[in-house]
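# Reading the structure
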Amino acid sequence: MKKLFCIRHGTALHNDLYWYIGTRAFTEFKDTKLTEKGHKESISLGKTWSKIKDIELVLVSPLTRTLQTATNIFKDRNLKMIAIDELMEHPQCSEICNQRLDKKILIDQYPHVDFSKISDNHLLFWNEECDDDKELERLKKRIVDFKNIVKTFDENNIAIVSHSSYLGQMMFNKIEDPNNELYHCHPYEYEI
């Protein structure tokens, strides 16, 4: 049995902008970064989370906001951090805030993260046409694939740093709406 501590990234630019410009926040800004608030949230979790000492491995989405979050939370720990493409946010179409950077750029920016398990193709899951039903099926497949990846690791207490829609679907079989999302930088426990 694997215990996953699922953490949604800290507040990012598109999260704040949504309340001012609506869904344009998702379609006009590629691979958004954490805001100052998001950095504070993730640094705080790293200092206050009582179960952080139990974590044996960190698996993280290769999007900038999750990489920044994981780095802030676990910066004082000597833990292996591995990026996994399957953890990227949903949808992988139209919302370019969910489109990751090129692997070479990520390796340069985050030398402490193992990127060996992500594709050289930064558009691996990206689809130009957005069919909600097909996109949901693709997300469900990514979640199954991710769970199979998790089972290959020896560690049993694993932190997952990902996204609201992805984690909501994985843990509760429900994609959250912008008015009812998972909390930023809050560890939810989930077993597989």
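About the thresholds
Counting of residues starts from 1 at the beginning of each chain's written sequence and follows it residue by residue. The predicted nature of this model means local features are confined to residues of pLDDT at least 70 and side-chain atom pairs, given and counted, to a pLDDT of 80 or more, with totals for whole chains, interfaces and linings taken over all residues. Calculated side-chain values reflect all of the structure's heavy atoms, with hydrogen atoms and water omitted. Starting at the N terminus, helices and strands are each numbered in turn, a helix being any DSSP run of H or I of at least four residues and a strand any DSSP run of E of at least two. Three labels apply to residues, based on accessible area from a 1.4 Å probe with only protein chains included: buried if under 20% of the type maximum, exposed if over 50%, partly exposed otherwise in between. What makes two residues a contact is simply this: any of their non-hydrogen atoms within 4.5 Å. Pairing between two strands is assigned when DSSP locates at least 2 bridges connecting them. The definition of a polar contact used here is a pair of N or O atoms within 3.5 Å, where within protein one atom must be able to donate a hydrogen and the other to accept one, and adjacent residues in sequence count solely through side-chain atom pairs. Side-chain rings of Phe, Tyr and Trp, where Trp is taken by its six-membered ring, are said to pair if the distance between their centres is within 6.5 Å; with planes under 30 degrees apart they count as stacked, over 60 as edge-to-face, and otherwise as tilted. When the NZ atom of lysine or the CZ atom of arginine is within 6 Å of a ring's centre and also within 35 degrees of its normal, the charge is said to sit over that ring. Surface patches are drawn from residues lacking salt bridges whose relative accessible area is over 30%; two like charges belong together within 9 Å, two nonpolar side chains (Val, Leu, Ile, Met, Phe, Trp, Tyr) within 5 Å. Each accessible area is a Shrake-Rupley result for a 1.4 Å probe, and residues are judged covered by the shown protein chains and nothing else. Salt bridges are counted wherever a side-chain nitrogen of Lys or Arg sits within 4 Å of a carboxyl oxygen of Asp or Glu. The charged-residue count follows a simple rule in which Lys and Arg add positive charge and Asp and Glu add negative charge, with His and chain termini not counted at all. All charge positions are set by atom: Lys at NZ, Arg at CZ, Asp at CG, Glu at CD. Interaxial angle, 0 to 180 degrees, is taken between N-to-C directions of lines fitted to C-alpha atoms, where a helix line uses only the stretch in contact. Throughout, the term roughly parallel applies to angles under 35 degrees, roughly antiparallel to angles over 145, roughly perpendicular to angles from 65 to 115, and oblique to all others. Polar here means any residue outside two lists: the nonpolar Ala, Val, Leu, Ile, Met, Phe, Trp, Tyr, Cys and Pro, and the charged Asp, Glu, Lys and Arg; Gly therefore counts as polar.

### Details of the environment of Ile175
- With respect to the helices and strands, Ile175 occurs in the loop between helix H7 (164-172) and strand S5 (187-191).
- Ile175 gets classed as partly exposed once you look at its relative accessible area, which sits at 29%.
- Residues Ile175 and Leu136, 39 residues apart in the sequence, show an inter-C-alpha distance of 9.2 Å.
- In this structure, Ile175 is in contact with His90, Leu136, Leu139, Ser165 and Gln169, ignoring residues within four places of it in sequence.

### Some details on the pairing of strand S4 (residues 157-162)
- A large share of S4 lies buried, amounting to 5 of its 6 residues.
- In terms of strand pairing, strand S1 (residues 3-8) meets S4 through 6 bridges, oriented parallel. Looking across to S4, one finds that Leu4 is bridged to Ile158.

### Section: the environment of Glu28
- Note that Glu28 resides in the loop between helix H2 (24-27) and helix H3 (36-48).
- The exposure class of Glu28 is partly exposed, given its relative accessible area of 42%.
- Remark: the alpha-carbon pair of Glu28 and Leu57, spanning 29 residues in sequence, is separated by 34 Å.
- Looking at Glu28, its side chain comes within polar contact range of the side chain of Arg24, at 2.8 Å.

### Details of unusual backbone geometry
- Here His90 and Pro91 are connected by a cis peptide whose omega angle stands at 0°.
- The residue Pro91 is located in the loop between strand S3 (81-83) and helix H5 (103-109) in this model.
- Even without being glycine, Asp31 reaches a positive phi, approximately 40°.
- Inspection of the secondary structure assignment puts Asp31 in the loop between H2 and H3.
- Overall, Asp31 belongs to the buried group, its relative accessible area being 4%.
- Positive phi, close to 55°, is recorded for Cys185, a residue that is not glycine.
- Structurally, the position occupied by Cys185 is in the loop between H7 and S5.

### Considerations on the packing of aromatic side chains
- For the coordinates displayed, the defined rule picks out 5 aromatic pairs.
- Here the aromatic rings of Phe5 and Trp49 are separated by 5.7 Å at their centres, their planes lie at 65°, and the arrangement is edge-to-face. Here Phe5 is found in strand S1, whereas its partner Trp49 is found in the loop between H3 and strand S2 (57-60), with 44 residues between them in sequence. In terms of burial, Phe5 and Trp49 fall into one category: buried.
- Considering the side-chain rings of Tyr18 and Phe26, the 5.5 Å spacing of their centres and the 15° angle between planes classify their relative orientation as stacked.
- In textbook terms, an aromatic cluster arises when at least three aromatic residues are bridged by ring pairs, as seen for Phe5, Trp49 and Phe74.
- We note Arg142 situated over the ring of Phe125; from NZ or CZ to the ring centre the distance is 5.4 Å.

### Focus on a negative patch on the surface
- Taken together, the side chains of Glu129, Asp131, Asp132 and Asp133 define an acidic patch exposed on the protein surface.
- As for its position among the elements, Glu129 is in the loop between H5 and helix H6 (132-150).

### So, the packing of H6 against H7
- It is at 10 Å that the axes of H6 and H7 come closest, and there the two elements cross at 70°. Between H6 and H7, the interaxial angle falls into the category roughly perpendicular. When H6 is examined against H7, the residues Leu136, Leu139, Lys140, Arg142, Ile143, Phe146 and Lys147 are found in contact with a partner set consisting of Tyr166, Gln169 and Met170.
- In terms of residue class, the contact of H6 with H7 is made up of 6 nonpolar, 1 polar and 3 charged.

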